[in-house]
Amino acid sequence: MGFFMKYGVIIIGGSYSGMSAALQLARARQKILVLDGGKRRNRFADHSNGFLTQDGIAPDEIARTARQQLLAYPSVYWTDQMATDISGEKDHFTVSTDASERFHGKRIILAIGVSDTLPDVKGLQERWGQTVFHCPYCHGYELGQKDIAVIAVGENSVHQALMLPDWGATTFFTDGRLTLNDEMSAKLAHRGVEVEHTPIARITGSADVYLTDGRTLSFAGIFVASRNKPSTSLGEGLGCAIEETPFGTQLQTDANKETSIPGVFACGDVARVPHSVALAVADGAWAGASAHGTLIFG
Ligand SMILES: Cc1cc2nc3c(=O)[nH]c(=O)nc-3n(C[C@H](O)[C@H](O)[C@H](O)COP(=O)(O)OP(=O)(O)OC[C@H]3O[C@@H](n4cnc5c(N)ncnc54)[C@H](O)[C@@H]3O)c2cc1C
């Protein structure tokens, strides 16, 4: 398909942000290629909440509808291959894949998302997206104002614990990873947050916290801030600048979503905080239009 063809833009990552970028470019009648590994970040959750017109819809279904609408444009090409390497420079990029194909494009958009690393607490990972979450706006409402746990990973967990009382009575587990200073304790007390310092042995049942002293505290849901980094190292491989966020690292972009490497754009979770489907879609739309602009104006 791609060996003798040069695309205007090659988009790596065909989830919400990548497809949103692709849609703008398709509507500008640009010849584009989307490569997608199909591992959307919210694949662990049954429902995606908070995205206008798609509230409560399955993440897969939102992606399926988007892809169907996108592929109706004749200048859009799609492959379910993983990009393994990007070489070249503005106007002359080559993308290699895990199927040993090579594709050529004038611009690159990295919409590769981030990976989530959870603290080493037994039982957390297997409940991720079901009763263990990071974003209260995404999954807080469905807990029906019942009891909520927050597990500390560091100081930014205090922020999370201070937010959660709007969704339910909150207990904050410092779990040996965080020492609270007087100011933090006062703020937590002011918001009515219970603090539990006994270390966690494991998570059991639906969302029960079993402590090392033998007590078990039951909750409707558990919130924990995951550590994020770009889901693959394509950006780093190209030399794109990386920046710190409160949650980990991301690709640095300017106001037009261009990375530090000319002709390489990035959007969605890998290039902005905070994270949500709505914000990824908005970010992607702007990255698509910006990349198109540079094909016209340089
Ligand atoms: C458990 C959980 C639940 C969530 N629930 C909600 C919710 O209810 N509402 C909400 O708004 N947000 C929710 N989010 C956040 C939401 O999932 C993200 O904000 C959103 O998925 C970001 O979209 P994206 O396109 O930037 O990245 P992603 O959706 O992560 O997609 C990245 C895509 O790039 C592909 N990819 C990566 N590297 C390559 C490569 N080298 N080659 C080819 N393809 C590649 C991946 O396979 C994937 O398809 C949730 C997140 C989690 C973790």
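Above: the structure in question.
Residues numbered from 1 in each chain as written. Predicted model: local features only at pLDDT ≥ 70, side-chain atom pairs only at ≥ 80, totals over all residues.

### Observations regarding unusual backbone geometry
Moving on, step 1. Residue Pro274 is reached from Val273 by a cis peptide bond, and omega for that bond is -10°.
Moving on, step 2. Within the secondary structure, Pro274 is located in the loop between strand S19 (264-266) and helix H7 (277-297).
Moving on, step 3. The backbone of Arg29 sits at a positive phi, close to 60°, despite the residue not being glycine.
Moving on, step 4. Structurally, Arg29 is set in the loop between helix H1 (16-27) and strand S2 (32-35).
Moving on, step 5. Assessed through the 12 C-beta atoms surrounding it within 10 Å, Arg29 is described here as exposed.
Moving on, step 6. In this structure, Thr53 takes a positive phi of about 75° despite not being glycine. (Helix = DSSP H or I, 4+ residues; strand = E, 2+ residues; numbered from the N terminus. Buried ≥ 20, exposed ≤ 12 C-beta atoms within 10 Å, placed from the backbone.)

### Let's talk about the sheet that holds strand S11 (residues 194-196)
Moving on, step 1. Spatially, S8-S15-S9-S10-S11 is the arrangement adopted by the five strands of the open sheet, whose pairing is parallel. Two strands lie at the open edges of the sheet, namely strand S8 (132-133) and S11, each paired on one side alone.
Moving on, step 2. In terms of strand pairing, strand S9 (residues 148-151) meets strand S15 (residues 221-224) through four bridges, oriented parallel. Bridging from a neighbouring strand, Ala149 pairs with Ile222 of S15.
Moving on, step 3. Against the sheet, helix H4 (residues 156-163) contacts S9, strand S10 (170-173) and S15, and its axis sits at roughly 170° relative to S9. (Pairing = 2+ DSSP bridges. Contact = placed C-beta atoms within 7 Å. Axes fitted to C-alpha atoms, helices over the stretch in contact; angles between N-to-C directions.)

### Focus on the sheet that holds strand S12 (residues 200-204)
Moving on, step 1. The strand order S12-S13-S14 describes an open sheet built from three strands, whose pairing is antiparallel. Of all the strands in the sheet, the pair left with one neighbour each is S12 and strand S14 (216-218). Ignoring which end each strand starts from, the neighbouring axes of this sheet average 20° apart.
Moving on, step 2. Judged from the three bridges that link them, strand S13 (residues 208-211) and S14 form a sheet pairing that is antiparallel. Along S14, the bridge assignment pairs Val209 with Leu217.

### A word on the site of the ligand
Moving on, step 1. Near the ligand lie 41 residues; those nearest to it are Gly13, Ser15, Gly37, Gly113 and Gly268.
Moving on, step 2. Broken down by secondary-structure element, the contributors of at least two residues to the shell around the ligand are H1 and H7.
Moving on, step 3. Here the shell around the ligand spans two domains, since at least three of its residues come from each of domain 1 (6-115 + 228-297) and domain 2 (119-224). (Near = placed C-beta within 6 Å. Domains from an automatic or database assignment.)

### Focus on helix H2 (residues 59-70)
Moving on, step 1. An ideal rise of 1.5 Å per residue puts 16 Å on 12 residues; H2 measures up with 17 Å between its terminal C-alpha atoms.
Moving on, step 2. Buried within H2 are the following residues: Pro59, Ile62, Ala63, Ala66 and Leu70. On an axial view of H2, the arc spanned by its buried residues comes to 95°, and they lie on one face. Set apart from the buried face of H2 by more than 90 degrees, the exposed residues are Glu61, Arg64 and Gln68. (Expected span 1.5 Å × (residues − 1). Arc of directions from axis to C-beta.)

### Considering the environment of Thr259
Moving on, step 1. Take Thr259: it is sitting in the loop between strand S18 (248-251) and S19.
Moving on, step 2. Spatially, the C-alpha atoms of Thr259 and Arg215 are 50 Å apart, while their sequence positions differ by 44 residues.

So far we have only geometry, and geometry alone does not tell us how the molecule works.
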